[in-house]
Structure formats: C-alpha cells, structure tokens
Amino acid sequence: MQNKTTLSIYVDGKKISAAKDDNLLDILNKNDFKIPTLCYHKGVPSYGACRLCSVEIKEKEKTKIITSCTYPIRTDGLEVFTNSSEVLEIREMIIKLLLAKTPSSEKIKELAKTYGVESEDRFVTDEDKDKKRNKENLCILCGLCVRTCNDVLNKGAISFVNRGIDRKVAPPFEEPPKECIGCEACSVVCPTGQAKTKIQDSRKYIDPWGAEFDVIKCGNCENLYFFTDQTINEVNYKTKSESELNLGSVNEDSEYARYCPKCKRKLNIKNFKDSKTLI
C-alpha cells in the first residue's frame, strides 16, 4: 500500500499534520477543535447539508468559506480559521433558522444554548407558528437518513419529496415503504429524533415512515430479539459469497445471524475454547 503524503496545515495558528486527502472535519475533530455538525456521519458519504461545520480557509492569499465535512486536504500550508467573525456569523444564522424550523427539537435547543444563540421572530413563518405542526416536526432536512438508506444500504425506502417550504423526507407515495427492512439505520443516524423506532408487543414500528415488522426471537434462548426477518435476510444476502449467490442460496438463513448478542457472545467464547488456539 502506498503511503500518503503528509501535509502541514495551520488551524487557528496551531500547526498540525494530516495526510493528503484526509477529511478536514475529521482532522479538526481529531485535534480537539469543536466544530458543530448535524448532517455528518463517518459511515455515510458527506453532503454538507447543514453547513454548521463551515470554516474559513486561506489558500494562496485567497480566503473562502467551505464546509469542512466535504473538504479534502490537498494543500501544504493551508490555513484554517474555525472562529473567524464570518464563520461565527454564518453559524449563528444557521442555528437561528434551525430554531425557527424545529423549535421543539431538544438537539437544536441544546446547540443554540451551547453557542449562545436565541430565536428571532423574523425567521418564523405563519406556518411555523402552528405549534402542533412544529411539535410533530423535528426534521431539519439534513438528508442523513436518506443517504444512509440509499447510498449505504441501497434500499431507497425514503427520499426527498416536494420543493421549497414543502420539501420533506418521505417514502414513495407517502405509504409504508415496501423496501424498508426494519434495520433502524435511519433512526440511528437521525440527529434530531425525527426518525425513530418503537418496539411494542413483538412488533417494531419505524416512524414517521409507517413501516411495521414482526420482531423475531433469538434462535438459541428464544428471548425476544430486535431484528426482523427482512434484516436477517439482508445480512445473509450481503455476507454470501459470489459463488453462493450464483447457486441461488441467498434465502438460506444463517443460524448464527438469528442469535441475540448475548447468545452470540457465549457461542464465540465456546468456539474459542473448543479451538484450543493459543494467541
């Protein structure tokens, strides 16, 4: 494997090292610079939707504002300013807009408190003043759930629909999506809790998409497990070798995949002891 070129960059005057093409936001976080973000996840392609991670950079005597989550470091001597007056102004404006859009979001309120930002009535539309609607809507349109479902899982159960102030995330035809497998990835990555999972009476509910699933039992202890048949089948499919796929054995269940985490751990320990392998 070819070693990456090491570059030196200067963040708020502090010299730090980074490999060429490293993600700037990752490097800032790694070096304890506090950069807010809502739409970034290391396992999902960057999009720069919330723009909270904006920083100012100086390259060849020219300065500009960029989103650090989408910026690969490629210039030796790059200067980065995380708290310049322009950066702080942009960050404050974004948080005010988020407060106007989702005033009930605890995550956004916490963010506003951290950065000393208060809401302004001039950003609140007549529709936003509908308290019931605001209470129900926690979506900031960051698209993290959409990218996870489409780009990572290749399921396409949800997407952006409509335009302008009516833009939102929804399943096709706003009906319970047949493509959803109940993996909960959307609710795990959602920064505000708009997408959420509830398990009740052996049923799993993925809201607000309206998806429902039976929850399976562990194949060993028979305690109620949180996976769905659709998720297990997807895991089996993704872990099958190409030759197995060609033989059409993708629907065969893996017994191990149906074990709960506790039983998997017991089985792993037993197998390790039985193998008598010295590490």
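Rules behind the numbers
- Residues numbered from 1 in each chain as written.
- Predicted model: local features only at pLDDT ≥ 70, side-chain atom pairs only at ≥ 80, totals over all residues.
- Heavy atoms only, no water.
- Salt bridge = Lys/Arg side-chain N within 4 Å of Asp/Glu carboxyl O.
- Helix = DSSP H or I, 4+ residues; strand = E, 2+ residues; numbered from the N terminus.
- Buried < 20%, exposed > 50% of the residue type's maximum accessible area, 1.4 Å probe, protein only.
- Contact = heavy atoms within 4.5 Å.
- Polar contact = N/O pair within 3.5 Å; in protein donor to acceptor, adjacent residues only side chain to side chain.

Attention now goes to the pattern of salt bridges. The tally for this structure, following the rule as stated, stands at 10 salt bridges. A salt bridge links Lys-96 to Glu-92; the shortest N-O distance between them is 3.1 Å. Highlighted residues: Lys-96 and Glu-92, both in helix H2 (residues 85-101), separated by 4 residues, approximately one helical turn. For Lys-96, a relative accessible area of 10% puts it in the buried group. Of the charged contacts, one joins Asp-214 and Arg-203 as a salt bridge, the two residues approaching to 3.0 Å between their closest N and O atoms. Of this pair, Asp-214 sits in strand E10 (residues 211-214) while Arg-203 sits in strand E9 (residues 203-207), placing them 11 residues apart in sequence. When salt bridges that share partners are traced, they join Glu-92, Lys-96 and Glu-120 into one network.

As a further point, take the environment of Arg-147. Secondary-structure assignment places Arg-147 in helix H5 (residues 144-152). For Arg-147, a relative accessible area of 8% gives the class buried. Considered as a pair, Arg-147 and Ser-159 are 12 residues apart in the sequence and their alpha carbons are 8.5 Å apart. If sequence neighbours within four positions are ignored, Arg-147 has contacts with Cys-39, Val-44, Pro-45, Ser-46, Tyr-47, Cys-142 and Val-152. Among the polar contacts made by the side chain of Arg-147, one reaches the main-chain carbonyl oxygen of Cys-142 at a distance of 3.3 Å.

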